[in-house]
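Overview (structure and organization)
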Amino acid sequence: MGKTGIAALLLLVLATAPAWAHRVNLFATAEGDRIKGVVTFGGGGKGAGLTVRAKGPDGAPLGEATTGPDGGFSLPVGSRMDHLLTVDLDDGHAATFVVKAEEFPETLPAGDAARIPPGTGDLELAVARQIAPLRAQIAAYEERIRWHDVLGGIGYILGMAGVAFFLLGRRAPRP
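Residues numbered from 1 in each chain as written. Predicted model: local features only at pLDDT ≥ 70, side-chain atom pairs only at ≥ 80, totals over all residues. Heavy atoms only, no water.

**Description of the pattern of salt bridges**
The final tally for this structure, using the stated rule, is two salt bridges. The closest approach of N and O atoms between E64 and R53, which form a salt bridge, is 3.5 Å. Residue E64 is located in strand β4 (residues 61–66), and its partner R53 is located in strand β3 (residues 51–55); the two are separated by eleven residues in the primary sequence. Note on R53: relative accessible area 38%, which makes it partly exposed. (Salt bridge = Lys/Arg side-chain N within 4 Å of Asp/Glu carboxyl O. Helix = DSSP H or I, 4+ residues; strand = E, 2+ residues; numbered from the N terminus. Buried < 20%, exposed > 50% of the residue type's maximum accessible area, 1.4 Å probe, protein only.)

Laid out in structure tokens, this is it:
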């Protein structure tokens, strides 16, 4: 591989970085009679000014909210049912997240009784609220791990190429 090949490989790797920046992440949790969440992009950017739409288990629209400058949003909830949240960017990137009926307080009227398990207690709701931010942190960590893996792979390839060139250079006859 000559200098041109290495330059082309480096250019190809650098050209793919903007695609990772457009990855959309959507996280949400139930807080009383509201759904609160955040929209972020790969690399840690905040999804400001985006529309988050909520649908019920049957696909019926339940409402929508616009994200603030920090990517956060809040959506009122009228009944205790699964809420499918979606955020769709104009460039074709999208994300979905489901807030389960079990996460909402029992004081809300049931919208889809078949989906709500009986006896959902306060402890389970508290645990669900505590886990939601951890999901967001894990996704952000996985994004960093992927970038780390890509850089490690490139280093491995370049290292193997260096060993190959070294061995080929030793085999060449000396004048």
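There is more to say, and it comes next.
**Some remarks on the sheet that holds strand β5 (residues 72–76)**
Spatially, the three strands line up as an open sheet ordered β1-β2-β5, and their pairing is antiparallel. If you trace the sheet from one side to the other, it starts and ends with β1 (24–31) and β5, each paired once. If you compare each strand with its neighbour and ignore which way they point, the axes differ by 25 degrees on average. Pairing geometry for β1 and strand β2 (residues 34–41), over eight bridges, is antiparallel. Note on β2: the bridge partner recorded for F27 is V38. (Pairing = 2+ DSSP bridges. Axes fitted to C-alpha atoms, helices over the stretch in contact; angles between N-to-C directions.)

**Thoughts on a nonpolar patch on the surface**
A surface patch of nonpolar side chains, amounting to about 230 Å² of accessible area, comprises V127, I131 and L134. On the secondary structure map, V127 appears in helix α2 (residues 122–171). (Patch = residues over 30% accessible without salt bridge, like charges linked within 9 Å, V, L, I, M, F, W, Y side chains within 5 Å. Areas by Shrake-Rupley, 256 points an atom, 1.4 Å probe, with all protein chains shown as cover.)

**Remarks on the nonpolar core**
Most often, soluble globular proteins keep nonpolar side chains buried together rather than apart. Among the nonpolar cores identified, the biggest contains 22 residues, and L26, I35, V39, F73, L85, V87 and V99 are the most heavily contacted of them. Of all the elements in the fold, those that place two or more residues in this core are β1, β2, β3, β5, β6 (83–88) and β7 (94–99). In terms of residue count, the dominant contributor to this core is β1 (five residues). (Core = buried A, V, L, I, M, F, W, Y, C linked by side-chain atoms within 4.5 Å.)

**A word on the sheet that holds β6**
Strands in a sheet are paired, the pairing made by backbone hydrogen bonds, and the direction either parallel or antiparallel. One open sheet holds the four strands; their spatial order is β4-β3-β6-β7, and the pairing between them is antiparallel. Two strands close off the open sheet at either side, each with one partner strand: β4 and β7. Each neighbouring strand pair of the sheet contributes to a mean axis angle of 20 degrees, computed without reference to strand direction. The sheet contact formed by β3 and β6 spans four bridges and is antiparallel. Residue A54 lies in a different strand from β6, and its bridge partner there is L85.

**Examining the environment of G49**
Checked against the element boundaries, G49 lands in the loop between β2 and β3. Along the backbone, G49 and G72 are 23 residues apart, and their C-alpha atoms lie at a distance of 9.5 Å.

**With respect to the confidence of the model for the protein**
Counting all residues, the mean pLDDT for the protein is 79, and 71% of those residues have values of 70 or more. Looking across the protein, the model is least confident in helix α1 (residues 3–21), with a mean pLDDT of 56, and most confident in β3, with 95. (pLDDT = per-residue confidence, 0-100.)

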